[in-house]
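# Reading the structure
What follows is each chain in one-letter form.
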Amino acid sequence: MAGTGNAHLRDGDVVLRVDDLVVEFPLGRKGTVSAVAGISFDVLRGETLGIVGESGCGKSTLLNLLGLLDQPTDGSYKLTGQEAAGLPERKRAEMRRGTIGFVFQSFNLIDDLTVYENVELPLLYLKASKEERKARTEAALDRVGMAHRRDHFPQQLSGGQQQRVAVARAVVAGPPLLLADEPTGNLDSKNGQAVMDLLAELNAAGTTIVMVTHSAADAEYAQRIVNLFDGRVVSEHALAHEYHLPDPAAKGATPEAAV
């Protein structure tokens, strides 16, 4: 099993698995450069995995691959047991919907939509009913403490508030996997800690999180760290706090409960 050393795990315990993943970019007459050079690891159901490393080490390229936004040059990527490498964009988009939530450093909220409309948007793509959209959107806004700002526009909010809305949008459809790209990178320390505490609560309720970060403090929220250098995994280790696979039958152990 790639990268975990947990040979006893069942396939259902693995949310995503990458095996010898490679991304190469052309350099004209000079050949190619490898942004990701044969990376392998698993992400387990219900854990938070931190991906760390210096700028230019391949973190963002890897996260784009995990989010099915880009294609690898070579290797395998399985999401909830289904091979995603080599799929056309339409198929990858279908796989993303309802399966992966994204939290970006720059928030990526739509300025012309209200807070409520921004959070509701993924449910429109999923063609959820009006009643379901209302229930899920209101629950997600309550979960992140932003229900009182539902009719505001993003530019009327602070950075910390915008990131809370972005988290609500990411989890409103109950995806089993949340990808966070430097989620506190544009926040001060107080708001950054509040957002990380929120992600920790979501993880405790059953959401699997993969987080790219430069921040040592943010990385401490993970149960396991993968360290990248020049597109390769140079180390992988568990942190001191203990990690257990969540019990699906336990209260609050489903992604839906996390919103």
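The rules we used
Residues numbered from 1 in each chain as written. Predicted model: local features only at pLDDT ≥ 70, side-chain atom pairs only at ≥ 80, totals over all residues. Heavy atoms only, no water. Helix = DSSP H or I, 4+ residues; strand = E, 2+ residues; numbered from the N terminus. Contact = heavy atoms within 4.5 Å. Areas by Shrake-Rupley, 256 points an atom, 1.4 Å probe, with all protein chains shown as cover. Salt bridge = Lys/Arg side-chain N within 4 Å of Asp/Glu carboxyl O. Buried < 20%, exposed > 50% of the residue type's maximum accessible area, 1.4 Å probe, protein only. Pairing = 2+ DSSP bridges. Axes fitted to C-alpha atoms, helices over the stretch in contact; angles between N-to-C directions. Patch = residues over 30% accessible without salt bridge, like charges linked within 9 Å, V, L, I, M, F, W, Y side chains within 5 Å.

Of the regular secondary structure elements, the protein holds seven helices and ten strands. In the protein, the share of contacts with a sequence separation of at least 24, taken over all contacts with a separation of at least 6, comes to 67%. Put simply, the protein shows about 12400 Å² of open surface, and 49% of that area lies on carbon and sulfur atoms.

What follows covers the pattern of salt bridges. Overall, the coordinates contain 13 salt bridges when judged by the stated rule. Between Arg90 and Glu94 there is a salt bridge, with the nearest N and O atoms lying 3.1 Å from each other. Remark: Glu94 and Arg90 occur in helix H2 (residues 89–96); sequence separation between them is four residues, near one turn of the helix. Residue Glu94 is classed as partly exposed on the basis of its relative accessible area, which comes to 39%.

Attention shifts here to the environment of Asn203. Structurally, Asn203 is set in helix H6 (residues 189–204). Distance from Asn203 to Gly46, taken between C-alpha atoms, is 6.4 Å for residues 157 residues apart in sequence. Other than its neighbours up to four places away in sequence, Asn203 contacts Gly46, Glu47, Thr48, Ile209 and Gln223.

As summarised here, the arrangement of the six strands in space is E6-E7-E8-E3-E9-E10, forming an open sheet in which the pairing is mixed. Two strands in the sheet have a free side with no partner beyond their single neighbour: strand E6 (100–104) and strand E10 (232–238). Strand-to-strand twist in this sheet, taken as the mean axis angle between neighbours without regard to direction, amounts to 15°. By the bridge criterion, four bridges tie strand E3 (residues 48–52) to strand E9 (residues 224–229) in an arrangement that is parallel. Bridging across to E9, Val52 finds its partner in Asn227.

Looking now at the pairing of strand E1 (residues 14–26). Two elements, E1 and strand E2 (residues 32–44), share ten bridges in a ladder whose sense is antiparallel. Counterpart to Val18 in the pairing with E2 is Phe41. As defined by bridge partners, E1 adjoins strand E4 (residues 74–79) across five bridges and the pair is classed as antiparallel. Its bridge partner lying in E4, Asp19 is registered against Ser76.

Moving on to the sheet that holds E4. To summarise the sheet geometry, strands pair through backbone hydrogen bonds and adopt either a parallel or an antiparallel arrangement. Across the sheet, four strands lie side by side as E2-E1-E4-E5; this open sheet has antiparallel pairing. Where the open sheet ends on each side, the last strands, each with one partner, are E2 and strand E5 (82–83). Against the sheet, helix H1 (residues 59–66) engages E1, E2 and E4, with an angle of about 55° to E2.

On the surface, a nonpolar cluster with roughly 250 Å² of combined accessible area is contributed by Phe25, Leu27 and Val33. Here Phe25 shows up in strand E1. Classification of Phe25 as partly exposed rests on a relative accessible area of 40%.

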